[in-house]
Amino acid sequence: MIKTINQKIEIFISSLDEINDDLVKTITNKSSTTISENLKNGHLTTNVCMVAASLLKLDSKELANNLEKNLSELGLYKDVKAAGPGFINITLHRKDFALVLHQIIEEKQNFGESNIGDNRKVQIEFISANPTGPLHVGHGRGAAYGDAIGRILQATGSSVEKEYYINDAGRQIDILTASVIVKIIQKELDNFFPQNAYKGAYIESIGKEFTLKNIVKYNDVGSILKDLPSDPEEEIDQIISNLKRSDEKIWHLVKSFSLESIIKSIKDDLRDFNVDFDSWFNESSLGKLNDNSSEISKSINKLKDDGMAYEKDGAVWLNTDNSGDDKHRVLVRDDGRATYFASDVAYHKNKVDRGYDDLINVWGADHHGYIKRIEASIDALGSSKEKLIVKLVQFANLFKEGKKVKMSTRTGEFFTLKDLIEEIGADAARFYYLSKQADQHLDFDLDLAKSDSKENIFYYIQYAHARIFSLEKKFKEMNPGLDTNIEAIEKNIYKECDNLIHEISKYPNVVNKSAITLQPHLIIFYLRDLAQSFHSFYNDNHVLSESKDNMQSIVFCLSAVRQTISNGLELLGIKPMKKM
RNA sequence: GCCUUCUUAGUUAAAUGGAUAUAACAAAUCCCUCCUAAGGAUUAGUUGUAGGUUCGAUUCCUACAGAGGGCACCA
């Protein structure tokens, strides 16, 4: 409908004095015909006259009056009116207006989908938490966000792949391994525990599980605590090297066991959170520096060969001049070990080589300073940093009984994602994570998420869905064999539905906008508005005591509302409720 | 100091450069003999300051004031 109107408008614009093809193009690009915010302004609205008037130095109101006359004379629309500073408001014939209902009945769960993504290959990397402990509520926000934009992009015609990058190669994993071993033999060490080791209860349970099938016995336990420096960082490093030296076999067994155990718990939590990944990428698969054929060596060598990396003070540095980063960055330390950054450079090269059109990275806001150097590395390796889209996700504060829930990784006291799911359920958790723009601070109120007031938007929306569902059921019981149909609506029988139909017709645009801006919260706010329109209608109209014709047309229309709510929730990874 | 996000009603939050800035909570008043009251209706209230671009600015630009985050040969 909008398309044909735009064609008519273009014909009108082209017929103006002193116009040329370029101007027509500029005007059509800058202006838009949209579904009116409010039914008072007709069904559709265009701002083309204001755009054209400013470019052509004409009076916008006069231009709007002319376009009004022009469109009216076509006889295609019920009403055309120039309004305000130069808007054109169009009211469609009832049949055209109700077209969206046909569309929903035909497309069902696919209503709202589009192909604006043009089949672009998009990879989304998110969460990528270190496998050194369970996922906590901070990771949950990235999980909900990454998964939701994945679903939204997929629904709007992109070809999406979701990936989790497992940092299974660095020092953190050594600390994890040491933590588990020391916990196992803690009694033999006179209850000693390193200051910077991981302290959560999960460390102990991994250790216990390991000892069920393995024997951990050191010939010379005392040597493990030999030569310990007082600095916490140096202390843990010394313990790591002592443990490795004392019994390399046990070290490797515990290391792989701990990793597997934690990765499994992460996967279990994500399954419960309804987040699924297409691939899991191990940092360790990038290989080692001393292996010339490994990906990490190849990336660094290529950077050196191309003059983008150089040696200085015994270390290898990446030149980041072209990226706006404030200093050059170390890839290989002067002691010959690669930095975390070096792995990430190789990882991003790997991603670029896989041929995606867009790489979306969902990172915690604390990685903000990291963006420029990664962009620099992508450019330096001969690709374009434009491919990389980094979305930062801000921290979430949890509030319980009005108080902020304190969390400290150091002491192992934190609210895990699993705790959150158990407390309020995966769907409500996802909903509240997504209810605010990802790059802004979120105060997550656990009590609100469980409350039964209207303030709890999650239930407000679900309630609308459940109400319609039960209404449909009752309608079918009352009228066996009677189908809902479009005829009644087209015959202009039940005008009170108009507002709902108008709201539904906005949905595909909301999805597109949400995909373009990567903002799932737009869908949440839309659903709230739609639910509100429905609840209001429901209160004013006692559906099941209407005449059969009316009932038919109303239930038909409400089914479309329910389908739309259901589709919107699905895009957020939330299951619509059939009863409450 | 540098980089970055942000500042909207008493509070928490919306708004591809468009019409009278949108909701909820809190306040006041109403609506269950009724399809789920986890609901509905009515009233009152908002764009940090100073400039600029524009037919039009909450939105874009500049400065200022205030808040958060980031600035490792850590990951």
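Summary of the structure given here. (Residues numbered from 1 in each chain as written. Chains lettered and ligands numbered in written order. Predicted model: local features only at pLDDT ≥ 70, side-chain atom pairs only at ≥ 80, totals over all residues. Heavy atoms only, no water.)

1. Here we look at the nonpolar core
Counting 149 residues, the largest nonpolar core has Ile13, Phe273, Leu420, Tyr433 and Phe444 as its most contacted members. With 11 residues, the top contributor of residues to this core is helix α23 (residues 548–571). Counting contributing residues, this core receives three or more from each of domain 1 (2–92) and domain 2 (454–571). Ignoring any residue separated from it by four or fewer positions in sequence, one finds Ile13 in contact with Ile19, Val24, Ile27, Val48 and Ala52. Core analysis: the second largest hydrophobic core is formed by 29 residues, Ile300, Trp363, Val390 and Leu392 among them. (Core = buried A, V, L, I, M, F, W, Y, C linked by side-chain atoms within 4.5 Å. Buried < 20%, exposed > 50% of the residue type's maximum accessible area, 1.4 Å probe, protein only. Helix = DSSP H or I, 4+ residues; strand = E, 2+ residues; numbered from the N terminus. Domains from an automatic or database assignment. Contact = heavy atoms within 4.5 Å.)

2. A word on the pairing of strand β3 (residues 79–83)
If a strand is regular, its side chains alternate between the two faces of the sheet. Bridge analysis of β3 against strand β4 (residues 87–91) gives five bridges, and the strand direction is antiparallel. Looking across to β4, one finds that Val80 is bridged to Ile90. (Pairing = 2+ DSSP bridges.)

3. A few points about the protein's contact with RNA strand B
Looking at RNA strand B, there are 62 residues lining it, with Phe87, Arg333, Tyr463, Arg467 and Lys513 nearest. Each atom of RNA strand B within 4 Å of the protein belongs either to a base or to sugar and phosphate, the latter forming 66%. Here a phosphate oxygen of RNA strand B and a side-chain polar atom of Ser470 are 3.0 Å apart. With nine residues, the top contributor of residues to the surface near RNA strand B is helix α22 (residues 521–540). Per-class residue counts for the surface near RNA strand B are 21 nonpolar, 23 polar and 18 charged. (Near = heavy atom within 4 Å. Polar contact = N/O pair within 3.5 Å; in protein donor to acceptor, adjacent residues only side chain to side chain. Nonpolar A, V, L, I, M, F, W, Y, C, P; charged D, E, K, R; others polar.)

4. Topic: the packing of aromatic side chains
This model, assessed by the stated rule, comprises 20 aromatic pairs. With centroids separated by 5.3 Å and ring planes inclined at 70°, the aromatic side chains of Phe210 and Phe257 adopt a geometry described as edge-to-face. Taken together, the residues Phe210 in helix α9 (residues 201–213) and Phe257 in helix α11 (residues 248–272) connect sequence positions 47 residues apart. Pairing Tyr507 with Tyr526 gives two aromatic rings, centres 5.7 Å apart and planes at 40°, and the pair type is tilted. A residue pair is termed long-range when its members are at least 10 positions apart, and Tyr507 in helix α21 (residues 507–517) and Tyr526 in helix α22 qualify at 19 residues. (Phe/Tyr/Trp six-rings, centres within 6.5 Å; stacked < 30°, edge-to-face > 60°.)

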